[in-house]
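# A structural walkthrough
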Amino acid sequence: MLLCTFIYPNASWAQGKGKKPVTTHAFDKPNPSYIFVSAHRGAWRNAPENSLKSLRDAIDMGVDIVEADIKKTKDGHLVMMHDWTINRTTTGTGAVQDYTLKELKQFYLKGPNGQPSSYRIPTLDEFLAAAKDKIMVDLDQSFGYYKQVIEQLKDHDMVDQAIMNVGYISLDSLYAMDLPLIDSVALNVIIGSGRADVASLVGSYKGRKRTIIHPTFSSDTTAFFRWMPKIREMSLGLWLNALWPQHNAGHDDDRAVLKGEPDKSWGWLVHTGKASIIQSDRPKELIAYLKSKGLRK
């Protein structure tokens, strides 16, 4: 089983002392005793999604990776927002791209109960500053702003602390785009089960360090699912979502927590799905479960 662990810069953290490292060099060597946990849009159950509060709560929980989404304002600033509009998550309405940053900052983010909070929409710069040296950041919906994101990561000296989601694209195609630092940044390659060319696309990343393959699948009886172990054979990270049942053939967070079947959910993702990284909307409970199974050593 090819799973991922951190490369320890000193022996003290390996013995449970000091701070664990938070760079994507963590994905360079396998260790079956450590499953990474990613908090989807931060720890949003007690804070607005994609907020600095949800980021800090994830850090306090001991989460390895915070997943967050990026949009661009009318005046060219990158901000943390999942939707193209601010209707659902803030006290305002309209598209992110129709507002300047100053205008966006007048609105308040809504909490998980839909009520206004005291938190504002953070910029990517603010988010990176809060995450630096504390947690890896997985930047979803970021590829369209790749060069600007890379520049901001460089400004914070965080290129090796970030993961860029690149969607369904081969490594050869990325090279053809002449993108800066494409060999240095960690890549999260998102694939679906319905593509005929998935084997060749994943194969293009074979041997590339700091590469994560991120499949979604609605059934665990398909040829695609049976093929998935080959991802591990290529020494690539395997990111599985526990978010919604259509992403994991019904082995989701709610099955673990609300139905009380964590072995059939998170345990299945580890032992049958062979995940090295699990993304969750319930990171606190997932970490506790993995610790109970000896999978956070």
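Rules of the game
Residues numbered from 1 in each chain as written. Predicted model: local features only at pLDDT ≥ 70, side-chain atom pairs only at ≥ 80, totals over all residues. Heavy atoms only, no water. Helix = DSSP H or I, 4+ residues; strand = E, 2+ residues; numbered from the N terminus. Buried < 20%, exposed > 50% of the residue type's maximum accessible area, 1.4 Å probe, protein only. pLDDT = per-residue confidence, 0-100. Contact = heavy atoms within 4.5 Å. Salt bridge = Lys/Arg side-chain N within 4 Å of Asp/Glu carboxyl O. Pairing = 2+ DSSP bridges. Right-handed = clockwise from strand over helix to strand, strands pointing away. Axes fitted to C-alpha atoms, helices over the stretch in contact; angles between N-to-C directions. Parallel < 35°, antiparallel > 145°, perpendicular 65-115°, else oblique. Left-handed = near helix turned anticlockwise from the far one by under 90°. Nonpolar A, V, L, I, M, F, W, Y, C, P; charged D, E, K, R; others polar.

## Describing the environment of Arg226
With respect to the element layout, Arg226 can be found in helix α8 (residues 223-227). Arg226 gets classed as exposed once you look at its relative accessible area, which sits at 57%. Sequence separation of Arg226 and Val185 is 41 residues, and the distance between their C-alpha atoms is 29 Å.

## Points about the confidence of the model for the chain
For the chain, per-residue confidence averages 91 on the pLDDT scale, and residues scoring 70 or more make up 93% of the total. A low-confidence stretch, residues 1-18 stays under pLDDT 50, and its non-local contacts, those more than four residues away or across chains, total 54 contacts.

## Brief notes about the pattern of salt bridges
Inspection of every chain in the model, using the stated rule, returns 13 salt bridges. Taking the shortest distance from any N to any O, the salt bridge between Arg41 and Asp69 comes out at 4.0 Å. Taken together, the residues Arg41 in the loop between β1 (36-40) and α2 (52-61) and Asp69 in strand β2 (residues 65-72) connect sequence positions 28 residues apart. We classify Arg41 as buried; its relative accessible area is 11%. Judged by its relative accessible area of 0%, Asp69 is buried. Here Glu126 makes a salt bridge to Lys105, at a shortest N to O gap of 2.9 Å.

## Brief notes about the pairing of strand β4 (residues 136-140)
Every regular strand shows the same layout, with side chains that alternate between the two sheet faces. Of all 5 residues that make up β4, 5 are buried, and the element is covered over most of its length. Here β4 shows no split at all, with Met136, Asp138 and Asp140 on one side and Val137 and Leu139 on the other all buried. Pairing analysis gives 5 bridges linking β2 to β4, with the strands arranged parallel. Paired with Ala68 across the two strands is Leu139, which belongs to β4. Direction of pairing for β4 relative to strand β5 (residues 162-165): parallel, over a ladder of 3 bridges. In the sheet register, Asp138 faces β5, and the bridge partner there is Ile163. Crossover handedness for the path β4 to helix α5 (residues 146-155) to β5: right-handed.

## Topic: the packing of helix α4 (residues 124-131) against α5
As a packed pair, α4 and α5 sit with axes 10 Å apart at the nearest point and diverge in direction by 40 degrees. Taken as axis vectors, α4 and α5 run oblique relative to one another. Crossing of α4 over α5 shows right-handed handedness. Residue-level inspection shows Leu124, Asp125 and Leu128 of α4 in contact with α5, the latter providing Val149, Gln152 and Leu153. Counted by class, the contact of α4 with α5 contains 4 nonpolar, 1 polar and 1 charged residues.

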